[in-house]
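The primary structure of each chain is shown beneath.
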Amino acid sequence: MEQRSQELFERAKRRIPGGVNSPVRAFQAVGRTPRFIASAHGDRILDVDQNEYIDYVCSWGPGILGHAYPRVIEKVQEACAQGLTFGAPTEKEVVLAELIAELMPSMQVSRLVNSGTEAVMSAIRAARGFTGRDKIIKFKGCYHGHSDGLLVKAGSAALTTSVPDSAGVPADFTKHTLVASYNDTESVKKLFEAYPQEIAAVIVEPVAANMGVVLPAQGFLSFLRDITRQYGALLIFDEVITGFRLGLGGAQAYYDIQPDLTTLGKIVGGGMPIGAYGGRSDIMQMISPVGPVYQAGTLSGNPIATTAGIETLNILKADPQIYTRLAEKSAQIAQAVKAAAGNRVTVNRIGSLMSIFFTKQPVTDYESAVSADTKQYAAFFGYLLDHGIYTAPSQFEAMFLSDAHTAQDLAKTCEVMTQYFRTFKEA
Ligand SMILES: *Cc1c(COP(=O)(O)O)cnc(C)c1O
């Protein structure tokens, strides 16, 4: 039954482009009706037709504790009663900035914004202001939000909608964006050799998670660290997904690489809209009002959002074993899929991030990611949905685990997935 979702979707399409406020939600790549969600608790989401699903989207990452985590909700409710926004500094912003600096020591100084997109946009501006250079290097298939200069060979929904790079972005705005191949050190070297004095920064998802999950090859991140230093460019880790997900210290702690600047989003807001960017204090001193790089926000550091962020980070900090549990859960699913599907799929997994690619070849970069068969993924997705399991409606997104996923629900998930691969031998 999806009657009410269907009705809402029809209404939505009249007033909202494609009926959704972010493209991947439209289920376009999988040819199904998007579920309109009524509520969510723990690892379950409930749609407006009363269908319940085990959720592996987790709001695309923020839901690391599961939905409607009681302590977070309680604190948010308390904060709401004190006023929603003041447009003036609050103690909570200081507490969150201190927590970020404690958990991610490379982020000595940080600024809160309202989304990952804003965080990246601002970090790039800071890097350009600091270095006095214009060009940046990004990687094919990495997604850094929807700002003009970064919508070049972007991943995420840009991989499955018909416009891989966006209309409405003047070519002049992206002429300073150079594109290299993920895990391909030669492609980066060539760009630095071509523009030795002009590259302000290299921005990378230290674990790519917007072309499906693609792990950095051994030595790739340390190579980026070295070459940026060598040429006087900055290294920016976009940890909007990996921050507080791969571990408390994010990918930079996991791989022991210190970037100059880091961008955060998703988990740092605990389910509310927050982004953050920060890093070396000499770079962050470039930001207005102390420096010449302008960046501002009416609702930035909003007391409700900072409350959700602080509570979430404190819960993670108090229970770091959560990361072991998360990794075990995703390993359980990965093993079940491998056992049932054999070499029909390639599973990439790290911590609680995972992708099941419908391709036989190893997936190490954009080209190998897009070798995956999106029709087979769509069939798999549809089967899971029909069996009460809600996964990303695109081959090129991650599967997210939360601490709320129960042993019972994980077992059910493994069973349904196993059944799928047994039943559809040709898939
Ligand atoms: C989600 C994401 C962004 C954009 O964040 P929004 O909050 O959606 O603007 C940027 N970078 C990465 C790596 C992301 O996964």
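Residues numbered from 1 in each chain as written. Predicted model: local features only at pLDDT ≥ 70, side-chain atom pairs only at ≥ 80, totals over all residues. Heavy atoms only, no water.

Caption draft 1: View of the overall build of the chain. Within the chain, the secondary structure is distributed over 14 helices and 14 strands. Computed over the C-alpha atoms, the radius of gyration of the chain is 21 Å, within 12% of the 22 Å expected from 2.2 N^0.38 for a compact globule of 427 residues. By principal-axis analysis of the C-alpha atoms, the chain measures approximately 60 × 55 × 45 Å. Here the chain, with 427 residues, has 56% of them falling under the buried criterion. Within the chain, counting contacts between residues at least 6 apart in sequence, those at least 24 apart form 72% of the total. Looking at the chain as shown, the accessible area adds up to about 17,900 Å², and 51% of this sits on carbon and sulfur atoms. Distance from the positive charge centre (39 side chains) to the negative charge centre (42 side chains) of the chain: 3 Å. (Helix = DSSP H or I, 4+ residues; strand = E, 2+ residues; numbered from the N terminus. Rg over C-alpha atoms; globule rule 2.2 N^0.38 Å. Buried < 20%, exposed > 50% of the residue type's maximum accessible area, 1.4 Å probe, protein only. Contact = heavy atoms within 4.5 Å. Areas by Shrake-Rupley, 256 points an atom, 1.4 Å probe, with all protein chains shown as cover. Lys, Arg positive; Asp, Glu negative; His and termini not counted. Charge placed at Lys NZ, Arg CZ, Asp CG, Glu CD.)

Caption draft 2: Local environment of the UniProt feature "modified residue: N6-(pyridoxal phosphate)lysine" (unreviewed entry) in the chain. Feature annotation in UniProt places "modified residue: N6-(pyridoxal phosphate)lysine" (unreviewed entry) on Lys266, given in this structure's numbering. Relative to the helices and strands, Lys266 is located in the loop between β9 (261-264) and β10 (275-279). Not counting chain neighbours up to four residues away, the residues in contact with Lys266 comprise Trp60, Pro62, Val240, Ile241, Gly271 and Ile274. (UniProt positions renumbered as here; feature names shortened; annotations may be inferred.)

Caption draft 3: Seen up close, helix α14 (residues 407-423). Its 17 residues give α14 an end-to-end C-alpha distance of 24 Å, which sits within 8% of 24 Å, the value for a rise of 1.5 Å per residue. Those residues of α14 that fall on the buried side of the exposure criterion are Asp409, Leu410, Thr413, Cys414, Val416, Met417, Thr418, Tyr420 and Phe421. (Expected span 1.5 Å × (residues − 1).)

Caption draft 4: Up close: the pattern of salt bridges. Throughout the structure, instances matching the rule amount to 17 salt bridges. With a shortest N-O distance of 3.1 Å, Arg44 and Glu52 are connected by a salt bridge. Salt bridges linked by common partners bring Asp43, Arg44, Glu52 and Asp409 together as one network. (Salt bridge = Lys/Arg side-chain N within 4 Å of Asp/Glu carboxyl O.)

Caption draft 5: View of the nonpolar core. Phe244, Leu313, Leu316 and Ile333 are the most contacted members of the largest nonpolar core, which has 79 residues in total. Each of two domains, domain 1 (3-68 + 321-423) and domain 2 (70-318), supplies a minimum of three residues to this core. For Ile333, the residues in contact, after removing those within four places along its chain, are Tyr56, Met354, Met399, Leu401, Leu410, Thr413, Cys414 and Met417. With 29 residues, the next largest nonpolar core counts Phe192, Met211, Phe220 and Leu235 among its residues. (Core = buried A, V, L, I, M, F, W, Y, C linked by side-chain atoms within 4.5 Å. Domains from an automatic or database assignment.)

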